[in-house]
Amino acid sequence: MRRQFDAHTPAGLLPSENTDLISPNVGKSRNPDLTYVPDEALATTDNQVPADLAAIAVELVSPSNPENDWIGKVRDYPLMGIPLYLLVDAREKTVTLFSRPDGTRYHRREDIAFGETLRIPEPFDFELATGNLLPY
């Protein structure tokens, strides 16, 4: 997954796999499995970045706590100003992209099964291949 995003990441964005995204709108931080933020946001020793700087949040659904990804983060990420939320659910063999947030919720949801492709919009702008994803 990350290799595909890295190949289509525009200049000025860097990947991070351990960054707390913070937002006063939510009053707590969230730590996605993968996010892309402006390189200057990672130029600090602080492990916190304003959430509205994130271009996307990517989550692999936790088998022990799927509600956190499917309910809590679907609720919190649009409030935090994160424009794209990609959710990979290896239990169900699905990939879901939430987009077009309005500050309260995402207005678009696209679901595909493992093996299909999904268009990831700008700033990445590519077809995400899911044929190599493995269920658990």
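Residues numbered from 1 in each chain as written. Predicted model: local features only at pLDDT ≥ 70, side-chain atom pairs only at ≥ 80, totals over all residues. Heavy atoms only, no water.

1. Re the overall build of the protein
Per the secondary structure count, the protein includes two helices and 11 strands. Of the regular secondary structure in the protein, the N- to C-terminal order runs α-β-β-β-β-β-β-α-β-β-β-β-β. Rg of the C-alpha trace for the protein: 14 Å, near the compact-globule value of 14 Å for 136 residues, within the 12% margin. Summarising its shape, the C-alpha atoms of the protein cover approximately 40 × 30 × 25 Å along the three principal directions. For the protein, the residues scored as buried account for 40% of the 136 residues in total. Contacts spanning at least 24 positions in sequence make up 51% of the contacts within the protein whose residues lie at least 6 apart. Accessible surface computed for the protein: about 7,000 Å², of which carbon and sulfur atoms make up 49%. (Helix = DSSP H or I, 4+ residues; strand = E, 2+ residues; numbered from the N terminus. Rg over C-alpha atoms; globule rule 2.2 N^0.38 Å. Buried < 20%, exposed > 50% of the residue type's maximum accessible area, 1.4 Å probe, protein only. Contact = heavy atoms within 4.5 Å. Areas by Shrake-Rupley, 256 points an atom, 1.4 Å probe, with all protein chains shown as cover.)

2. Some points on the packing of aromatic side chains
According to the stated counting rule, one finds eight aromatic pairs in the structure shown. Taken together, a centroid distance of 6.4 Å and an interplanar angle of 75° make the contact between tryptophan 70 and phenylalanine 98 edge-to-face. Of this pair, tryptophan 70 sits in helix α2 (residues 66-79) while phenylalanine 98 sits in strand β8 (residues 94-101), placing them 28 residues apart in sequence. Relative accessible area serves as the criterion here: at 23%, tryptophan 70 is assigned to the partly exposed category. Taking the relative accessible area as the measure of exposure, phenylalanine 98 reaches 6% and is therefore buried. Here the aromatic rings of tyrosine 85 and phenylalanine 98 are separated by 5.7 Å at their centres, their planes lie at 20°, and the arrangement is stacked. Placement of tyrosine 85 in strand β7 (residues 84-89) and of phenylalanine 98 in strand β8 is noted, with a sequence separation of 13 residues between them. Phenylalanine 98 shares its class with tyrosine 85; the two are buried. A connected cluster of aromatic rings, assembled from ring pairs, spans Trp70, Tyr77, Tyr85, Phe98 and Tyr106. (Phe/Tyr/Trp six-rings, centres within 6.5 Å; stacked < 30°, edge-to-face > 60°.)

3. Describing the pairing of strand β2 (residues 20-23)
With burial as the criterion, only one face of β2 is covered, namely that bearing Leu21 and Ser23; the residues Asp20 and Ile22 on the opposite face remain uncovered. Where β2 lies against strand β3 (residues 28-30), three bridges are found, and the strand directions are antiparallel. Across the sheet, leucine 21 pairs through a bridge with arginine 30, a residue of β3. Counting the residues in the hairpin turn of β2 and β3 gives four residues, including glycine 27, whose phi is positive at 75°. (Pairing = 2+ DSSP bridges.)

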